Amino acid sequence: MSTTSTPGGGIKEYFLLADARATAKRIPEDARAGLARKLGIGRQRAEAADALWSNGHTAEGLRLAAEAFETTLEALPELADASGLEVAAVERQAPTEAGATPADEADERAEDEGAAAAEAKADDEPEAKADDEPEAEADDEPEAEADDEPEAEADDEPEAKADDEPEAKAAGDRDDAGDAPAGAGRARVSRPAAESGWAGVLRARGLSSGKIEDVAEAEEALRRTDLPALDDEVSAKHGELFQQLIGARRQVDKVVGPATMTPAQLTWTQLSRIGFALLLLLVAGVGAYFLLRTPEGIEARASGRWSADFPPEHVIDDDPATEWLMPDRSRGWVEVEISPPTHVGQLRLLNSHNRHYNDRATREYSVEIWADGEQVRTIEGSWDQVDPHPEWTEHEVGVDEVERIRFNVRSWHRNGGGLAELDWE
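The residue numbers shown here count from 1 along each chain, following its written sequence. At least 70 in pLDDT is required for a residue's local features to be given in this predicted model, at least 80 for side-chain atom pairs to be given and counted, and no such filter applies to totals for whole chains, interfaces and linings, which use all residues. Side-chain calculation: all heavy atoms of the structure are included, whereas hydrogens and water are not.

What follows concerns the overall build of the protein chain. Strands here are runs of E lasting at least two residues and helices are runs of H or I lasting at least four, both read from the DSSP assignment and numbered beginning at the N terminus. Within the protein chain, the secondary structure is distributed over eleven helices and nine strands. For every residue, the accessible area obtained with a 1.4 Å probe (protein chains only) is divided by the maximum for its type, and the residue is called buried under 20%, exposed over 50%, and partly exposed between those limits. A burial count over the protein chain gives 38% of its 425 residues as buried. Every residue pair with non-hydrogen atoms within 4.5 Å of one another is taken to be in contact. Counted over contacts in the protein chain with a minimum sequence separation of 6, partners at least 24 positions apart contribute 77%. A 1.4 Å probe and the Shrake-Rupley method give the accessible areas. Residues count as covered only by the protein chains that appear here. When the accessible surface of the protein chain is summed, it comes to about 23,800 Å², and 50% of that surface belongs to carbon and sulfur atoms.

The following block contains the structure:
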């Protein structure tokens, strides 16, 4: 069993291409070039088939998809011969003549058997009678007997058998193909069974049993289908066949393609795959870092604000002239989150006053200090009046790993409370 048939082996082969290199060394250059050309023709036809199908030329697209699939399959026995690959159950069947059908072959066999039987009987009986009876009678009876018995036997049995079975099978095939009209497409040539020729090669190349079965089903469906000649004759079953052929051809090409590469192509493919994988890992690592890391900085938010001109961000902008102001005559809070957590030795507060109006300032307040997800300290204080030129108020804290500081407005002067600055050292 190929090491590429296991998940780990498949990943290893994808990056190292060791099996492809070993196979390439066993294939002569002329055989490698021939295989590469055949696979290239298969890819080219598959691309053309997809373009035709997408643009509404479904009948011709299906025909090209069938040709691409068959051309790619033909490369498998050639690969086995060129590389000396030993596979089990490689039974090659000689193709029938172009246009021949199973019914035609059965008719020919029936005619041959009937002729042989007639000749044998004519040799045994008529000559014996010729010696005993008159010449005229010998001329009449053997010919009549020869005409009656062998031909009757040939007509009754082999031809009837040939007429019944293949035609019935062909009719069943046409029904499976979506009731295509008689003569709508060429009859498919009888092909070998799944294990005859190519399946063993695919297995040796590391393709899984399930995917080999997909290829076999595609080949069987193609063998049993009369391809339509006109786009109007294409049915839903033909659409399913098209998808089967395209997918199966891609699987075959995927496992055979690396064996047809030159050493330079293998090296370039290996380097590009490793480089692309490293790039993906780098991008994933950088993305994970920015996604999972704790953002650094300070962020302020509040329970409310008087207007958009007095947002909570003003308490951390280092500008005493800007303020956060609360809605009229209401309690609330402004909170600062610190990332990463830091040591706070001393807290400094600057009260609001609503510059030019001096009608909004905090009276009573409390400050909550949070560390490690818990409130570890509470500080209370007050300001006696609205001060047009407020002074800094300092509080000793002495707490490590502080992650959040919340300033609560408990009462206010005149129209409402607020805060101009919140700072720490």
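With that settled, the discussion passes to the nonpolar core. Judged by nonpolar contacts, the single largest core of 38 residues is most densely connected at Phe 69, Leu 76, Trp 198, Leu 202, Val 215 and Leu 245. Counting residues per element, the ones that place at least two in this core are α3 (29-54), α4 (58-83), α8 (198-204), α9 (209-223) and α10 (236-256). Among the elements that make up this core, the one with the highest residue count is α4 (eleven residues). If sequence neighbours within four positions are ignored, Val 215 has contacts with Phe 69, Leu 73, Trp 198, Leu 202, Ala 248 and Val 252. We call a set of buried residues a nonpolar core when its members are Ala, Val, Leu, Ile, Met, Phe, Trp, Tyr or Cys and they connect through side-chain atoms within 4.5 Å of each other. Formed by 25 residues, the second largest nonpolar core is a distinct cluster that contains Val 367, Ala 371, Ile 379 and Trp 424.

Within a predicted model, pLDDT stands for the predictor's per-residue confidence, ranging from 0 to 100. On average, residues of the protein chain carry a pLDDT of 78, and 70% of them reach 70 or more. Long-range and interchain partners of residues 88-106, a stretch whose pLDDT sits below 50, account for 22 contacts in this model, where long-range means more than four residues apart. The low-confidence segment residues 124-196 (pLDDT under 50) makes 91 contacts with residues lying over four places distant or belonging to another chain.

So, about a negative patch on the surface. Within this analysis, patches are made of residues with over 30% relative accessible area and no salt bridge. Like charges are joined at 9 Å or less; nonpolar side chains (Val, Leu, Ile, Met, Phe, Trp, Tyr) at 5 Å or less. Each salt bridge in this description consists of a side-chain nitrogen of Lys or Arg and a carboxyl oxygen of Asp or Glu lying within 4 Å of one another. The charge count includes Lys and Arg as positive and Asp and Glu as negative, but it does not include His or the ends of the chains. Charge positions are represented by NZ for Lys, CZ for Arg, CG for Asp and CD for Glu. Taken together, Glu 60, Glu 67, Asp 231 and Asp 232 make up a surface patch of like negative charges. Residue class for Glu 60 comes out partly exposed when judged on its relative accessible area of 42%.

All right, on to the packing of helix α2 (residues 18-26) against helix α11 (residues 263-292) then. Geometry of a packed helix pair, given as the angle between the helix axes and the separation of the axes. Helix axes use the C-alpha atoms of the stretch in contact, all axes being lines fitted to C-alpha atoms, and the angles between their N-to-C directions lie in the range 0 to 180 degrees. Interhelical geometry of α2 versus α11 gives an angle of 175° and a closest axis separation of 10 Å. By the angle class used here, α2 and α11 are roughly antiparallel. Two secondary-structure elements touch here, α2 through Ala 20, Arg 21 and Ala 24 and α11 through Pro 263, Leu 266, Thr 267 and Gln 270. Note that the term roughly parallel is reserved for angles under 35 degrees, roughly antiparallel for angles over 145, roughly perpendicular for angles of 65 to 115, and oblique for everything else.

Helix span is expected to be 1.5 Å times the residue number reduced by one. Over its 15 residues, α9 runs 21 Å from end to end, which matches the ideal 21 Å to within 8%, given 1.5 Å per residue. For α9, the complete set of buried residues consists of Ile 212, Val 215, Ala 216, Ala 218, Glu 219, Ala 221 and Leu 222. Where α9 is buried, its residues touch α4, α8 and α10.

A few words now on the pairing of strand β5 (residues 364-371). With respect to burial, β5 is a largely interior element, seven of its eight residues being buried. Pairing of β5 with strand β6 (residues 374-382), which is carried by eight bridges, proceeds in the antiparallel orientation. Within β6, the residue paired with Val 367 across the bridge is Ile 379. Counted between consecutive antiparallel strands, the loop separating β5 from β6 contains two residues, among which Asp 372 sits at a positive phi close to 55°. Any two strands between which DSSP finds at least two bridges are classified as paired. Relative to strand β7 (residues 393-409), β5 runs antiparallel, the two being bridged by seven bridges. Considered in β7, the bridge of Ala 371 is made with Val 402.

Where α9 meets α10, the axes come as close as 9 Å, and the angle between the chain directions of the two elements is 135°. Taken as axis vectors, α9 and α10 run oblique relative to one another. Handedness of the crossing formed by α9 with α10: left-handed. Every residue of α10 that contacts α9 at Lys 211, Asp 214, Val 215, Glu 217, Ala 218, Ala 221 and Leu 222 is listed here: Leu 241, Gln 244, Leu 245, Ala 248, Gln 251 and Val 252. Side-chain classes follow a simple rule in which Ala, Val, Leu, Ile, Met, Phe, Trp, Tyr, Cys and Pro form the nonpolar group, Asp, Glu, Lys and Arg form the charged group, and the remainder, Gly included, forms the polar group. In the contact of α9 with α10, the residues fall into eight nonpolar, two polar and three charged. If you view the pair so one helix is near and one far, a crossing is left-handed when the near helix is turned anticlockwise from the far one by less than a right angle, and right-handed when it is turned clockwise.

Its 30 residues place the ends of α11 43 Å apart at the C-alpha level, agreeing with the 44 Å of an ideal helix rising 1.5 Å per residue. Residues of α11 that are buried include every one of Leu 266, Thr 269, Gln 270, Arg 273 and Ala 277, and no others.

Evaluated as defined, the whole model comprises 14 salt bridges. For Asp 253, the salt bridge goes to Arg 43, with nearest N and O atoms at 2.9 Å. A residue pair is termed long-range when its members are at least 10 positions apart, and Asp 253 in helix α10 and Arg 43 in helix α3 qualify at 210 residues. Of the charged contacts in the structure, one is a salt bridge between Arg 410 and Glu 380, with a shortest N-O distance of 3.5 Å. In this pair, Arg 410 sits in the loop between β7 and β8 (412-414) while Glu 380 sits in strand β6, placing the two residues 30 residues apart along the sequence. Glu 380 gets classed as exposed once you look at its relative accessible area, which sits at 56%. Residues participating in the shared-partner salt-bridge network are Arg 301, Glu 335, Glu 337, Arg 404 and Arg 406.

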